[in-house]
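Overview (structure and organization)
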Amino acid sequence: MRFMQTVGAAALIAAMAAGAHAQELRIGLQDDADVLDTDQSRTFVGRIVYTALCDKLVDIDPDLNIVPQLATDWSWSDDETELTMTLREGVVFHDGTPFNADAVVANIDRSQNHPESRRKSEVASITGVEAVDEFTVRITLGEPDATLLAQLSDRAGMMISPTAAEEMGADFGSAPVCSGPFRFVERVQQDRIALERFEDYWNADEIHLEAVTFLPIPDTTVRLANLRAGDLDMIERLAATDLASAQNDANLTVVDITGLGYQGITMNVGNGPLSEEPFGQDAPLRQALSLSIDRNALNQVVFEGAFTPGNQPVPPGTTYYDERFPVPERDVEAARALLAEAGYADGIELTVQVANNPVQTQVMEVVQAMAAEAGINISIRATEFATLLQQQTAGEFQGSQVGWSGRTDVDGNIHQFVTCEGGINDSGFCDPRVDELLDRARTSNDPAVRKEAYDASREILNEELPIIYLYHPSWIWAMNANVEGFEAYPDGMIRLEGVRFND
Amino acid sequence: MLAFIGRRLLIAIPTVFIISVFVFLLQKLLPGDPVLALAGEDRDPATLEALREMYHLNEPLIVQYFYWIGAVLQGDLGMSLRTNQPVTSLILEKLPVTFQLAVMALIFAVGIGVPMGILSAVYKGSWLDYIANFVALSGLSIPNFWLGILLILLVSVNLGWLPASGYRPFTVDPVRSIETMLMPAFVLGTALAATLMRHTRSAMLTVLKSDYVRTARAKGLRERVVIMKHALRNALVPVVTVSALLFGELLAGAVLTEQIFTIPGFGKLVVDAVFNRDYAVVQGIVLVTSVGFILMNLLADTAYMILNPRMRDQK
C-alpha cells in the first residue's frame with residue numbers, strides 16, 4: 001500500500017512537472033518593449049505585453065466593434081458629452097486592491113496629469129471624471145469625441161492598481177501591477193519579460209496557460225529558426241517572404257490578418273523650402289507618380305502577395321474606405337500625359353528617402369523601376385530610421401517612404417497627418433476644407449455623419465495626394481502546431497483568452 | 001614601483017577627461033533627434049517639447065555636458081532614456097554575460113588556433129600546413145552573422161542538439177548557460193583562432209630554426225619532447241601577449257554575435273542604445289569601457305615590470 005502511494009505520488013509529481021512545463025507559452029517579439037508603464041509606454045511590442053498583463057475598460061472584437069471588458073455597459077448623454085460606464089464587479093488588481101469607480105478616476109487622472117504621461121493627447125477631450133457610485137463612473141467631455149472609446153480600448157483605458165501607482169510613482173514600470181489575466185514576475189532587459197497566471201482573474205476560466213514569457217529577437221530569420229528549433233512556441237511578425245515556407249511546414253500553424261496600418265510615400269507639399277520643388281507644388285505630378293505604380297505587382301514582388309494593396313489610409317473593404325476611389329490600375333500613358341501637361345514631357349527628377357532596411361529599400365526600388373517607365377527618375381536615399389524621422393519633421397525631404405502602424409479608430413490614421421496643425425503632419429499639407437471635414441468626423445458618434453465627412457475629405461485628398469498610399473501590411477503569426485485557440489485581431493495584439501496547448 | 005603606478009594614474013586623469021568630452025560630442029554628432037526616437041510613433045510636438053525639457057536637450061551643449069559629467073563624478077551614469085533604468089545597474093547586469101562569452105570564445109580560439117599553428121609549423125609545406133591555412137583563412141573571412149545563422153539552422157533546427165536562444169546566467173542554471181553559449185562562443189572563437197594560428201605558426205618557425213633547438217635535437221632528444229617542451233614554451237610568449245590583446249577584439253565581436261544568438265550582453269545593449277538614441281546608455285558604456293581599457297593597459301605595464309627586471313630602471 002505504502003509502495004503504491006509512493007509510486008502514485010511520484011507519477012503525479014512527474015505529470016505535474018511535465019504539465020507545468022508545457023503550459024508556459026514562449027512568444028518571440030520583434031523588439032524589446034520600453035518602460036512597462038501604461039502611461040509612459042510608447043512601443044508596439046509594449047502593447048502586446050500589456051494585452052496579457054493589463055485589462056482595459058473596453059476591448060475591440062476582430063471587426064473593430066467596441067466590446068465590454070472592465071466596463072460591462074456604457075451610454076452617451078444626448079449631446080454626446082457625457083459617457084456613463086457600468087463597471088464589472090468582483091475584479092481585483094494583482095496586489096489585491098479592488099477595482100472600482102475610484103480606481104478609474106485615479107487612472108484617468110494619472111493619464112492626464114502624470115508628468116511623464118504619453119497619454120495626454122489621447123485623453124485630452126476629457127474634462128471631468130466622477131465616481132457616481134462604487135461601480136458607475138461618469139466621464140465628461142468638452143465636446144463630443146468619436147475616438148474616445150477606441151482610446152479607452154488601448155493604453156489610455158488600461159487600468160493599473162492605484163495603490164501600486166501611488167507607492168511606486170514613476171518607478172511603476174519596473175514592476176507593473178494591473179488586473180489582467182497574467183501578473184508580472186520579472187524582466188531582464190533585452191532578454192525576457194516573464195508573466196504568470198493570475199489566479200483571481202475575473203475571466204480565469206478562459207485562461208489555460210500557467211505562464212507566458214516574451215523574448216525579444218529582432219532578426220526575423222533567427223526568430224523563425226528559434227520557433228522551428230522549439231525554443232519558442234509562437235512568433236509575431238513573420239516575414240512575408242517566409243510565409244509560404246512556414247505554411248508548408250506541418251509542424252507550424254500560420255495565422256494572418258490585414259492590419260490597421262499602411263505604408264506609403266509622404267510628399268513634402270508645404271514643409272520648408274524643399275516643398276517648393278515641382279513635386280511639392282504640382283498635384284498632377286504626384287498623381288502621375290501614383291498612376292505609374294502597379295500596387296499589385298509591388299505586393300507580389302516584395303511580399304509574395306501576402307499584404308493588401310491600398311490607396312487610402314484604411315484598407316479596402318473596411319467601413320471608412322471610400323469605394324468611389326478603388327486602388328488605381330497602373331496607367332503609364334496617363335502618367336506620361338500628366339507629366340507632359342505640367343511641362344515635363346522629357347522626364348523629371350525626384351528624391352525619396354527610405355529606411356535603410358532591406359525590405360523597405362526593395363519597396364522603393366520596385367517603385368523606382370515602375371516610375372522610371374513613366375518618366376519619373378527617382379533617386380533613393382537610404383537613411384537610418386531615427387535620422388529619417390528627423391529629416392521628415394524638419395522638412396528636409398521631397399518624398400519619404402514611411403508608414404503608420406494604425407489605430408482602431410480611423411481618425412488616428414488620418415487626422416494628425418493632413419490637418420494644418422496635425423501633430424505628425426510632416427507633409428505640411430494644409431487645407432481648411434479638409435480640417436473642417438475631419439474635425440466634424442471626429443466629433444460625431446454617428447457612423448453615417450462620419451462616413452459622409454471622410455468621403456468628402458477623400459475627394460480632396462485623392463486629388464492633392466500629400467501621402468501616396470501603397471499597401472497595408474498584414475500581421476503574420478507563426479506558432480507550433482500544438483498551440484491552438486489563437487484568434488487574429490487587426491490591431492496585431494496577442495490575446496491569450498482561449499489559447500492552449502494541445503498535447 | 002609605486003611611484004610608477006602613481007604617475008601612470010595621474011596621466012590617466014586627463015585621458016579620461018578627453019575621452020568623456022569625445023564620447024559626449026560623438027553622440028551629438030550622430031544625426032537623428034533622440035526625442036523623436038523616444039517619442040515613438042505618436043510624436044506630437046507637446047510630447048517632444050516635454051521630453052527635451054526633461055533631458056535638458058534644450059540647453060547649450062556645454063551645459064548638457066556638465067549636467068552629465070557632474071553626475072558621473074558622483075558615481076551616477078544617469079537613467080536610460082528608453083526604459084528609465086539606471087545605466088550603472090544595466091552595465092553591471094550585462095557585463096558578466098559578455099565576460100562569459102569572451103572567456104568561452106577565447107577557449108575555443110586558443111584550443112583551435114594554437115594546435116593548428118604548431119602542426120602547420122612542424123609540417124611546414126605539407127598538406128597539413130595547407131589545410132590549417134585554409135581553415136584559418138576561412139575563419140577570418142566568413143562573416144560572424146552568416147556562420148551564426150547557418151549554425152542555428154544546422155545544430156538547433158535540423159539536429160536539435162543545442163538551443164538557439166534562451167540564455168540563463170551561469171549562477172542560475174550553469175548547464176543551460178553553457179549550452180546556449182557554445183555556438184556563439186564557437187562563432188566568435190573561430191575568427192580569432194585564425195589570428196592565433198598565424199602567430200603561433202610564425203613564432204614556432206622562428207624558434208625551430210634557433211640554435212638551442214638544434215642542440216636539443218643533437219642531444220638526441222625525441223622530436224616530440226623538442227617541440228612540446230623546448231620550442232613551444234618559448235614560442236608561446238608572443239602568443240600569450242596576442243591573446244591578451246585579442247580580448248578587446250572579442251568584446252567588439254561580441255556586439256554582432258550577441259545580436260544573432262540573442263544573448264542579453266553588453267554588445268546587444270550598446271547596439272540597441274545607439275539605434276534608440278539612448279544617449280545616457282551609450283555614453284555610460286563607452287566611458288566605462290575606456291576606463292577599463294586604461295586600467296588593463298596599466299595592469300599590463302605593471303606586470304611587465306614585475307616580470308622583466310631590466311625595465312624597472314626605466315622612468
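Just so you know, these numbers come straight off a predicted model, no measurement behind them.

All right, on to the confidence of the model for chain B then. On average, chain B scores 83 in pLDDT, and the residues at 70 or more come to 96%. If you check the scores for this complex, the pTM reads 0.84 and the ipTM reads 0.75.

All names here are of chain A. Spatially, the 7 strands line up as an open sheet ordered 8-9-10-1-11-19-12, and their pairing is mixed. The two strands at the open ends of the sheet, each matched to only one other strand, are strand 8 (182-188) and strand 12 (252-258). Inspection of the sheet shows strand 1 (residues 24-29) paired to strand 11 (residues 234-235) by 2 bridges, in the parallel sense. Each residue of the ladder has a partner; that of glycine 28, found in strand 11, is isoleucine 235.

Another aspect to go through is the interface of chain B and chain A. Counting from both sides, the interface comprises 44 residues of chain B and, opposite them, 42 residues of chain A. Around 3500 Å² of area is buried between chain B and chain A when both sides are counted, 51% of it from carbon and sulfur atoms. For the pair chain B and chain A, the interface holds 1 salt bridge. For the salt bridge of arginine 277 of chain B with glutamate 384 of chain A, the shortest nitrogen-to-oxygen distance reads 2.6 Å. Counting the contacts that link chain B with chain A gives 7 residue pairs in polar contact (both at pLDDT 80 or more).

Moving on to the sheet that holds strand 7 (residues 136-141) of chain A. Residue and element names in this part refer to chain A. Here 4 strands make up an open sheet; going across it, the order is 4-5-7-6 and the pairing antiparallel. A strand with exactly one partner marks an edge of an open sheet, and here the two such strands are strand 4 (71-76) and strand 6 (126-133). When strand polarity is set aside, the average angle formed by the axes of neighbouring strands in this sheet is 20°. Here strand 5 (residues 82-87) runs beside strand 7; their pairing, made up of 5 bridges, is antiparallel. Following the sheet pairing, methionine 85 is matched in strand 7 by valine 137.

Residue and element names in this part refer to chain A. Summed over all chains, the structure comprises 2 disulfides over all chains. The disulfide partner of cysteine 54 is cysteine 178, and the gap between their sulfur atoms is 2.1 Å. Across the S-S bond linking cysteine 54 and cysteine 178, the dihedral sits near 50°, which makes this disulfide right-handed. Of this pair, cysteine 54 sits in the loop between helix 2 (44-53) and strand 2 (58-60) while cysteine 178 sits in the loop between helix 5 (162-168) and strand 8, and the two are 124 residues apart along the sequence. Each member of the pair, cysteine 54 together with cysteine 178, is buried. Between the sulfur atoms of cysteine 420 and its disulfide mate cysteine 430 the distance is 2.0 Å. Its S-S torsion of approximately 90° makes the covalent link between cysteine 420 and cysteine 430 right-handed. Of the two residues, cysteine 420 is situated in the loop between helix 14 (411-418) and helix 15 (432-442) and cysteine 430 in the loop between helix 14 and helix 15; the sequence distance between them amounts to 10 residues.

This part takes up the domain arrangement of chain B. When its domains are assigned, chain B resolves into domain 1 (2-79) and domain 2 (95-275). Each of domain 1 of chain B and domain 2 of chain B was reduced to a C-alpha centroid, and the two centroids are 36 Å apart.

We now examine a nonpolar patch on the surface. All names here are of chain B. Taken together, the side chains of Phe145, Trp146, Leu150, Leu153 and Leu256 define a hydrophobic patch exposed on the protein surface, amounting to about 470 Å² of accessible area. When residues of the nonpolar patch are assigned to their parent elements, the largest contribution, 4 residues, is made by helix 7 (residues 144-158). For phenylalanine 145, a relative accessible area of 46% puts it in the partly exposed group.

So, on to the pattern of salt bridges. Residue and element names in this part refer to chain A. Here the structure, examined in full by the defined rule, presents 33 salt bridges over all chains. Between arginine 237 and glutamate 236 there is a salt bridge; the shortest N-O distance is 2.9 Å. For the pair arginine 237 and glutamate 236, one class covers both residues: buried. The salt bridge partner of arginine 330 is glutamate 373, with a shortest N-O separation of 3.3 Å. Placement of arginine 330 in the loop between strand 14 (308-309) and helix 11 (332-341) and of glutamate 373 in helix 12 (residues 358-373) is noted, with a sequence separation of 43 residues between them. The network of salt bridges with common partners includes Lys56, Asp59, Asp491 and Arg495.

About the thresholds
- Residues numbered from 1 in each chain as written.
- Chains lettered and ligands numbered in written order.
- Predicted model: local features only at pLDDT ≥ 70, side-chain atom pairs only at ≥ 80, totals over all residues.
- Heavy atoms only, no water.
- pLDDT = per-residue confidence, 0-100.
- Pairing = 2+ DSSP bridges.
- Helix = DSSP H or I, 4+ residues; strand = E, 2+ residues; numbered from the N terminus.
- Contact = heavy atoms within 4.5 Å.
- Buried area = accessible area lost by both parts, 1.4 Å probe.
- Salt bridge = Lys/Arg side-chain N within 4 Å of Asp/Glu carboxyl O.
- Polar contact = N/O pair within 3.5 Å; in protein donor to acceptor, adjacent residues only side chain to side chain.
- Axes fitted to C-alpha atoms, helices over the stretch in contact; angles between N-to-C directions.
- Disulfide = S-S within 2.5 Å.
- Buried < 20%, exposed > 50% of the residue type's maximum accessible area, 1.4 Å probe, protein only.
- Domains from an automatic or database assignment.
- Patch = residues over 30% accessible without salt bridge, like charges linked within 9 Å, V, L, I, M, F, W, Y side chains within 5 Å.
- Areas by Shrake-Rupley, 256 points an atom, 1.4 Å probe, with all protein chains shown as cover.

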